[in-house]
Structures are given as structure tokens and as C-alpha cells.
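Each chain, written out:
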Amino acid sequence: AQSVSQHNHHVILSEAASLELGCNYSYGGTVNLFWYVQYPGQHLQLLLKYFSGDPLVKGIKGFEAEFIKSKFSFNLRKPSVQWSDTAEYFCAVIVYSSASKIIFGSGTRLSIRP
Amino acid sequence: DVKVTQSSRYLVKRTGEKVFLECVQDMDHENMFWYRQDPGLGLRLIYFSYDVKMKEKGDIPEGYSVSREKKERFSLILESASTNQTSMYLCASSNPGTGGRTEAFFGQGTRLTVV
């Protein structure tokens, strides 16, 4: 079965630090990749997505992610975090063959010290 | 803007009760999903529906059923609520896209407590 792994469960950073959150998926075929964010008390919203083309994708609020097919990875990055980035971040995948089913990772809680 | 609306933000129910969680979307999406979100486990798919009256089991369907009589509405039913079903429940909708090139839109969630 397809799965998504997020190895960092809780990350604590100071403001202005650089961020990288890991995401690996287990599927050898074509995948569509996503990062969602959930700010405290708010609904999940899309941060960025990758379907094809340039493996470096840019999203909202200065986030970017790089798709490395050989490593089955889609890591999320931000050069300089802000206190307002405190949230939970979820990596997700839609496998081409299943078309609709979205599989999520276990999430990474990001805490930013002001 | 796509809107996915869940009928309740907070619910408290007793063990053994039959519980209905309602979700409505206003963008004519074909797909609808129910997830439960638990700390450290992320979002786990309970059921999804790709058309009216069509449904498929997700990863954790035991103890749940669903109903989709109209395209815009997707209901999650806990047949006999138990304390281990205390959780945050998230509804989502999407269109199929070509080859899965789509994105899901989420409701605010319903925090269900079973006592």
C-alpha cells in the first residue's frame, strides 16, 4: 500500500532560522505531491503542489518544495521562518492510478520561538 | 472560493449513541472524503465517495458508515459511538482531475468527544 512518511514529528526553531521538513512516499509510479498547512484553530489549506515539470515548486508565504524522484522525497523548505509559521504541516500524495484518493503523512508540528 | 461546511464544530455524545456528522460543499465537486485526525497519526481516510450513492472504504472504516444521497452532501455515521472514536473529523471535497491532478478543500473540522 502507498504510504507517506514524515520523520520530524515536532520541530522547534527560532525566528529567522531556516526550515526543512522531510517527506518520503512509497510508490514507484507517477505521483502528485502536496503540502498542506493547518494553523491553530483553522482548516487545512494548500501550501503548494507538484504535478510535473520543474521539480522545485514555490508556494504561498515563501515556502518551496523540491521533488527528488530518485529519493522518493518532497521536502518542504523556507529560508527564514516567522513566528506566524507556527502550525502543523502535512505532506500528501495522490497516486496516478487511484486518481482521487489522497494519502497523508502523520504531520509535523512546527513551533517558532519569537 | 470553495466552501466545505461541516455542520458542527464541537459535539459531545454518549457511548452507544448513533452519531451523524454532516458535510456540504458548494463547488459541485464529484469527490468527497471523511478523515479523522489524531495527534501523531496525521489524517487517516475513513471513507470517500466519487459520485452520488457511490462510496469506497478508506483505511479505517470499521465502526463508520457513510451516505451520499446528493452530490453536495456527504454524511458520516457512527453506528454506535465508542470512546475510541473521540477525535477530530475532517471533511474534504475535490474534482477527480486528470491523472489525479487535483487538490482537496477542507472543512473546519468537527471535534467529537464520546463520553
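Structure: see above.
Described below are features of the structure shown in this document.

Quick notes on the overall build of chain A
Phase 1: Across its full length, chain A holds 0 helices and 12 strands.
Phase 2: For 114 residues, the compact-globule formula gives about 13 Å, and the C-alpha radius of gyration of chain A, at 14 Å, lands near that figure.
Phase 3: Here the C-alpha coordinates of chain A stretch approximately 45 × 30 × 20 Å along the principal axes.
Phase 4: A burial count over chain A gives 47% of its 114 residues as buried.
Phase 5: Put simply, of all contacts in chain A between residues at least 6 apart along the chain, 54% involve residues at least 24 apart.
Phase 6: Accessible surface, chain A: about 5200 Å² in total, of which carbon and sulfur atoms supply 53%.
Phase 7: Between the centroid of the 10 positive side chains of chain A and the centroid of its 7 negative side chains there is a distance of 5 Å.

Looking at the interface of chain A and chain B
Phase 1: Contacts between the two partners involve 23 residues from chain A, matched on the other side by 23 residues from chain B.
Phase 2: Summing both partners gives a buried area of about 1900 Å² for chain A against chain B, and 55% of it is carried by carbon and sulfur.
Phase 3: For the interface between chain A and chain B, the tally reads 1 salt bridge.
Phase 4: Two residues, E103(B) and K49(A), come together in a salt bridge whose shortest N-O distance is 3.1 Å.
Phase 5: One can count 6 residue pairs in polar contact (both at pLDDT 80 or more) joining chain A with chain B.
Phase 6: Where the side of chain A that touches chain B is concerned, the elements lending two or more residues are β5 (31-38), β6 (45-50), β10 (87-95) and β11 (102-104) of chain A.
Phase 7: No other element matches β5(A), which puts 4 residues into the side of chain A that touches chain B.

Concerning the layout of surface pockets
Phase 1: Quantified by volume, the largest pocket comes out at close to 460 Å³.
Phase 2: Looking at the largest pocket, it is lined by 25 residues, and the ones nearest its centre are Q38(A), E88(A), Q37(B), M88(B) and R111(B).
Phase 3: Those elements giving two or more residues to the lining of the largest pocket turn out to be β10 and β12 (108-113) of chain A together with β4 (31-38) and β9 (87-94) of chain B.
Phase 4: Residues that form the lining of the largest pocket fall into these classes: 8 nonpolar, 12 polar and 5 charged.

Topic: the state of the cysteines
Phase 1: One pass over the full model with this rule turns up 2 disulfides over all chains.
Phase 2: Here C23(A) connects covalently by a disulfide to C91(A), the sulfurs 1.9 Å from one another. Because the torsion about its S-S bond is -65°, the bridge between C23(A) and C91(A) counts as left-handed. Taken together, the positions of C23(A) in the loop between β3 (19-21) and β4 (24-26) and C91(A) in strand β10 put the pair 68 residues apart, joining distant regions of the chain.
Phase 3: A disulfide bridge connects C23(B) with C91(B), and the sulfur atoms are separated by 1.9 Å. One disulfide, between C23(B) and C91(B), carries an S-S torsion of -80° and so falls in the left-handed class. Taken as a pair, C23(B) in strand β3 (residues 19-25) and C91(B) in strand β9 lie far apart in primary sequence, 68 residues in all.

Calculation notes
- Residues numbered from 1 in each chain as written.
- Chains lettered and ligands numbered in written order.
- Predicted model: local features only at pLDDT ≥ 70, side-chain atom pairs only at ≥ 80, totals over all residues.
- Heavy atoms only, no water.
- Helix = DSSP H or I, 4+ residues; strand = E, 2+ residues; numbered from the N terminus.
- Rg over C-alpha atoms; globule rule 2.2 N^0.38 Å.
- Buried < 20%, exposed > 50% of the residue type's maximum accessible area, 1.4 Å probe, protein only.
- Contact = heavy atoms within 4.5 Å.
- Areas by Shrake-Rupley, 256 points an atom, 1.4 Å probe, with all protein chains shown as cover.
- Lys, Arg positive; Asp, Glu negative; His and termini not counted.
- Charge placed at Lys NZ, Arg CZ, Asp CG, Glu CD.
- Buried area = accessible area lost by both parts, 1.4 Å probe.
- Salt bridge = Lys/Arg side-chain N within 4 Å of Asp/Glu carboxyl O.
- Polar contact = N/O pair within 3.5 Å; in protein donor to acceptor, adjacent residues only side chain to side chain.
- 1 Å grid on protein atoms, 1.4 Å probe; cavity = no way out; pocket = protein on both sides within 12 Å on 5 of 7 lines; lining within 4 Å.
- Points joined across faces, edges and corners; volume = space filled by probe spheres on them.
- Nonpolar A, V, L, I, M, F, W, Y, C, P; charged D, E, K, R; others polar.
- Disulfide = S-S within 2.5 Å.

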